[in-house]
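Spelled out, the chains give:
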Amino acid sequence: MAKKSSTGVCRFCGQSVIVENGAEMTAPQLEESATMLCGCDEAIKYQQEKNRRSVAKQRINELFGEDAGEYKQPDAVRTMMLNVVDAICDKK
Ligand SMILES: [Zn+2]
């Protein structure tokens, strides 16, 4: 059974985008999904940055997380590294 789609608006260009399963989303989630689906320049830039951020965080968890053996870092250290990724991605 197909889930109900809804229409979200790209936060950069204001274009309406159909979001699958959108009927179950909150307004901010709908906007986020629409932005992730939009093809305008700003949205694509945003999508790439978001992707880079999640890849970086994934790598940190791989390299220093639960399964990293002797390289495993305390949660506090890992949280710090994840925050640094956010700071870099937010250009702070
Ligand atoms: Zn757009």
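One can find the structure itself at the top, above this paragraph.
Right, let's walk through the structure included here. (Residues numbered from 1 in each chain as written. Predicted model: local features only at pLDDT ≥ 70, side-chain atom pairs only at ≥ 80, totals over all residues. Heavy atoms only, no water.)

What about the packing of aromatic side chains?
1) Next: Taken as a whole and assessed by the stated rule, the structure comprises one aromatic pair.
2) Next: Geometrically, the ring pair formed by Phe12 and Tyr46 is tilted, given 5.7 Å between the ring centres and 55° between the ring planes. In this pair, Phe12 sits in the loop between β1 (6-9) and β2 (16-19) while Tyr46 sits in helix α2 (residues 41-64), placing the two residues 34 residues apart along the sequence.
3) Next: The class of Tyr46 is partly exposed, set by a relative accessible area of 22%.
4) Next: The residue whose ring lies beneath Arg11 is Tyr46, and the NZ or CZ to ring-centre distance is 5.1 Å. (Phe/Tyr/Trp six-rings, centres within 6.5 Å; stacked < 30°, edge-to-face > 60°. Helix = DSSP H or I, 4+ residues; strand = E, 2+ residues; numbered from the N terminus. Buried < 20%, exposed > 50% of the residue type's maximum accessible area, 1.4 Å probe, protein only. Lys NZ or Arg CZ within 6 Å of the ring centre and 35° of its normal.)

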